[in-house]
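# Breakdown of the fold
Residues per chain, in single letters:
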Amino acid sequence: MRRKVFSHQKDSLESFTDTDAVIIMLSDFDEYKEELVKQRQNGQLTVGAFQNKSSAINVFIEYLLKTKNPEQTANGEIKITARDVYVAFNEYIKERRPARHTLQTYLYYTRKALEHILLKKYNLLLSKTLGIEVFDIDFYLTQLSKSTLRSKGSQLKAFKKKEESKVISDERVKDALKWLAILRQERDSMAVEKLRLATLIVLLTGARGTEVNDLQFEVRVNEEVLKQIDLRKGIIYFHRKKLKADDDKNFTPVFIHPLLIEELKIFKKKHILDPTQPIFGYYSLDKTFKNFYTPNRAFKKRTQLENLYRKYEWLRNYEPQKPIITVKMFRKYFDSYLQDKIFELTGERTVTTLFGKGLEALDKMRRYKNYLLGRAEGVDFLHYISITEDKRYSSKLKKLNKMLIDGLIDKLMPELLYVLSEETRTKILSNNSEVWKFSESLSDSPLYSHYG
């Protein structure tokens, strides 16, 4: 019997040719991102849409340039073919192993960005040049399934690495605060001052990067002005898309500690001209943290970085090319701290009044912790009352939140003092005798001496 011969199946790359290509300037992408920033500031883009669009174009450029020779982009021009797009996203998949939804989102917004740039700058249609087929997720789905082929050993190694990353020690957070103090001393600027405030908010609330980046003191609705940060009541209304509820349920009002209220007041008075504008407005607060908290990114001069590593012995525990801390690490630390604190406070009168006793109290406290962190689990807790408006509960919850954060502040002394404003630090030292025991060690510190 004659053996059947099967025809050779073409590789996905062979279906794309280089006959159709576009040449655009790398600066076109920068202009596009600047347009996104303006749209975000004008309220034309939600936080989620802004993050998705800017992240998509950043990922595309990063992996596109990885697949090109440096001389191909030396003059600021870049030639892009459908094949280039396919190779770039394949490299992204191999390195990052994204979820299907993430890849689909990045493909969609990259396509939209290129359509906009080509039509606006060059009067070209994407469908008539590169084509839109290469932005179809079906071309990439086989790559996404490769993770299932990893050995049990590599899967266990990845699991253990992920578990280890969830444990953030007190020492690491204290070192991050010392590094922030170094940044203030060596790179005193508005960017570092914003980083300082963002760090304090993340540290003392456990909020996500997107939620902090979204903050404004006031929000304008037609002729009405609403407070997103109510300094008189001591409340931040975090806008939390992660809850995936109706638009009017995407907010979590959270009582904040007097120390953070004080810092927000001082920052507003010194630096905010228009309270209805975003306080931060970064592309991504997570990336900003990564840039500032990674030593060789924050200090690009080799001699300056080497001097810092010689001067501060504790800094040698961290590799220059890796971040000392990230927003997610701060959040994990805050989460772990609250989980531990729950067990300590179950017998306190304020806790028993709100949550009862025993295992029931522990469960309700866990749900309240999830509420504070903006998680879906626990959002139904105290569903039929207003946490910040009902006076039967609000004063007790305000007191409870202060008790929780008091413990966190005590744990992070004296390093926390390094990064507080002079006004707040003076109030703490004059009002809290317990803090005085740190003053002697602080006065000998090269970090503290810069601030007096």
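Summary of the structure given here. It should be emphasised that the depicted structure is a prediction, and the values quoted were computed from it without experimental measurement. Counting restarts for each chain: residues are numbered from 1 in the order of the written sequence. The model is predicted, so local features are restricted to residues of pLDDT at least 70 and side-chain atom pairs to those at 80 or more, both for listing and for counting; the totals for chains, interfaces and linings are taken over all residues. To get the side-chain values, take all heavy atoms of the structure and skip hydrogens and water.

### Comments concerning the overall build of the protein
The helix count covers DSSP runs of H or I at least four residues long, the strand count covers runs of E at least two residues long, and both are numbered beginning at the N terminus. In terms of regular secondary structure, the protein is built from 20 helices and seven strands. Going through the 452 residues of the protein one by one, you find that 48% of them count as buried. Contacts: residue pairs with any heavy atoms within 4.5 Å of one another. Considering only residue pairs separated by 6 or more positions, the protein has 72% of its internal contacts joining residues 24 or more positions apart. Total accessible area computed for the protein in this model is approximately 25,000 Å², and 49% of it derives from carbon and sulfur atoms. Think of it in three bands: with a 1.4 Å probe and only protein chains considered, a residue is buried below 20% of the maximum accessible area for its type, exposed above 50%, and partly exposed in between. Using a 1.4 Å probe, the Shrake-Rupley method yields the accessible areas, and only the shown protein chains count as cover for residues.

### Things to note about the nonpolar core
Soluble, globular proteins show a tendency: their nonpolar side chains are buried together. Core analysis: the largest hydrophobic core is formed by 89 residues, its most contacted members being W179, L264, L400 and L416. In this view, L400 contacts L345, T350, V351, L354, F355, M365 and Y368; residues no more than four positions away in its chain are not counted. In this text, buried Ala, Val, Leu, Ile, Met, Phe, Trp, Tyr and Cys residues form a nonpolar core when linked through side-chain atoms within 4.5 Å. The next biggest cluster of nonpolar side chains, apart from the first, holds 38 residues, and it includes F60, Y109, L118 and L126.

### Focus: the packing of helix α8 (residues 190-205) against helix α10 (residues 258-271)
For helices, the axis comes from a line fit to the C-alpha atoms of the stretch in contact; other axes are also lines fit to C-alpha atoms, and the angle between any two N-to-C directions lies between 0 and 180 degrees. Axis separation between α8 and α10 bottoms out at 10 Å; the angle between their running directions is 155°. Between α8 and α10, the angle falls in the class roughly antiparallel. Crossing angle aside, the handedness with which α8 passes α10 is left-handed. Residues M190, E193, K194, R196, L197, L200, I201, L204 and T205 of α8 pack against L259, L260, E263, L264, F267 and H271 of α10. Residue polarity follows a fixed list, in which Ala, Val, Leu, Ile, Met, Phe, Trp, Tyr, Cys and Pro are nonpolar, Asp, Glu, Lys and Arg are charged, and the others, Gly among them, are polar. Tallied by class, residues from the contact of α8 with α10 come to nine nonpolar, two polar and four charged. The labels follow the angle: roughly parallel below 35 degrees, roughly antiparallel above 145, roughly perpendicular from 65 to 115, and oblique for the rest. For any pair of crossing helices, the crossing counts as left-handed if the nearer helix is rotated counterclockwise from the farther one by less than a right angle, and right-handed if it is rotated clockwise.

### Details of the packing of aromatic side chains
Aromatic rings in a pair are described by how distant their centres are and how their planes are angled relative to each other. Only Phe, Tyr and Trp rings are paired, with Trp represented by its six-membered ring, and only when their centres lie within 6.5 Å; those with planes under 30 degrees apart are stacked, over 60 edge-to-face, the remainder tilted. Evaluation of the coordinates by the stated rule reveals 14 aromatic pairs. With a centroid separation of 5.6 Å and 65° between ring planes, the pair formed by Y63 and Y92 is classed as edge-to-face. On the criterion of sequence distance, the pair formed by Y63 in helix α2 (residues 47-66) and Y92 in helix α3 (residues 82-96) is long-range, its members being 29 residues apart. Summarising the aromatic geometry, the rings of F289 and Y293 are spaced 5.5 Å apart at their centres and angled 35° between planes, so their arrangement reads as tilted. Taken together, the residues span about one helical turn, with F289 and Y293 both in helix α11 (residues 285-293) at a distance of four residues. Clustering of aromatic rings is evident, with ring pairs tying together F29, F60, Y86, F89, F139 and Y140.

### Overview of unusual backbone geometry
A cis amide bond links M413 to the next residue, P414, at an omega of 5°. Although it is not a glycine, N123 sits at a positive phi angle of roughly 55°. Following the sequence through the fold, N123 ends up in the loop between α4 (100-122) and α5 (141-144). Among the residues examined, N123 registers a relative accessible area of 64% and is labelled exposed. Look at N222: it is not a glycine, yet its phi comes out positive at around 55°. Residue position: N222 is located in the loop between β3 (218-221) and β4 (224-227).

### Digging into the layout of surface pockets
Think of a 1 Å grid over the protein atoms and nothing else: a 1.4 Å probe that fits but is trapped marks a cavity, an open set flanked by protein within 12 Å on at least five of seven lines marks a pocket, and residues with an atom within 4 Å of a point count as lining. Grid points are joined across faces, edges and corners, and a volume is the space filled by probe spheres set on the points. The computed volume of the second largest pocket comes to approximately 600 Å³. Among the elements of the structure, α1 (26-41), β3, β4 and β6 (235-239) are those that each provide at least two residues to the lining of the second largest pocket. Across the lining of the second largest pocket, the residue classes break down as eight nonpolar, nine polar and five charged.

### Considering a positive patch on the surface
Patch membership requires over 30% relative accessible area and the absence of a salt bridge. Like charges are linked within 9 Å, and nonpolar side chains (Val, Leu, Ile, Met, Phe, Trp, Tyr) within 5 Å. Whenever a carboxyl oxygen of Asp or Glu lies within 4 Å of a side-chain nitrogen of Lys or Arg, that contact is scored as a salt bridge. The convention is simple: Lys and Arg are positive, Asp and Glu are negative, and His and the chain ends are not counted. To locate a charge, the coordinates of NZ of Lys, CZ of Arg, CG of Asp or CD of Glu are taken. Together, R187, K287, K290, R297 and K300 line one region of the surface with positive charge. Turning to its location among the elements, K290 is positioned in helix α11.

### With respect to the side chain of R331
With respect to the secondary-structure elements, R331 resides in helix α14 (residues 327-345). Notably, R331 is buried but unbridged: the nearest opposite-charge side chain belongs to E211, and the N-O separation is 4.7 Å. Here a polar contact is recorded for every N or O atom pair within 3.5 Å, except that within protein the pair must consist of a potential hydrogen donor and a potential acceptor, and residues adjacent in sequence are included only if both atoms are side-chain atoms. Engagement of the side chain of R331 in a polar contact is seen with the backbone oxygen of G206, the distance being 2.6 Å. Leave out the neighbours within four places in its chain, and R331 touches G206, A207, R208, L373 and R375.

### Here we look at α11
Within the span of α11, buried status applies to L285, T288, F289, F292 and Y293. Taken around the axis of α11, the buried residues stretch over an arc of 110°, which confines them to a single face. Those residues of α11 hidden inside the fold are in contact with α7 (170-186), α8, α9 (209-213), α12 (295-298) and α14. Two to three positions downstream of the cap, the backbone nitrogen of D286 sits 3.4 Å from a side-chain oxygen, assigning the N-cap of α11 to S284. The directions from the helix axis to the C-beta atoms are what the arc is built from.

### Considerations on the pairing of β3
Should DSSP find at least two bridges between two strands, the strands are taken to pair. Strand direction decides the pairing type here: β3 and β4, joined by four bridges, are antiparallel. When the sheet's bridge partners are listed, R220 is paired in β4 with V225. Once β3 ends, the chain turns through two residues before running back antiparallel as β4, passing N222 with a positive phi of about 55°.

### Quick notes on empty space enclosed by the protein
For the coordinates displayed, the defined rule picks out four cavities of 30 Å³ or more. In this structure, the largest cavity occupies an estimated 80 Å³ of space. Listed by contribution, the elements that provide at least two residues to the lining of the largest cavity are α8, β7 (251-255), α14 and α17 (391-411). When residues in the lining of the largest cavity are grouped by element, the largest group, three residues, is from α17. Of the residues belonging to the lining of the largest cavity, the class tally is nine nonpolar, three polar and no charged. Approximately 60 Å³ is the volume attributed to the second largest cavity.

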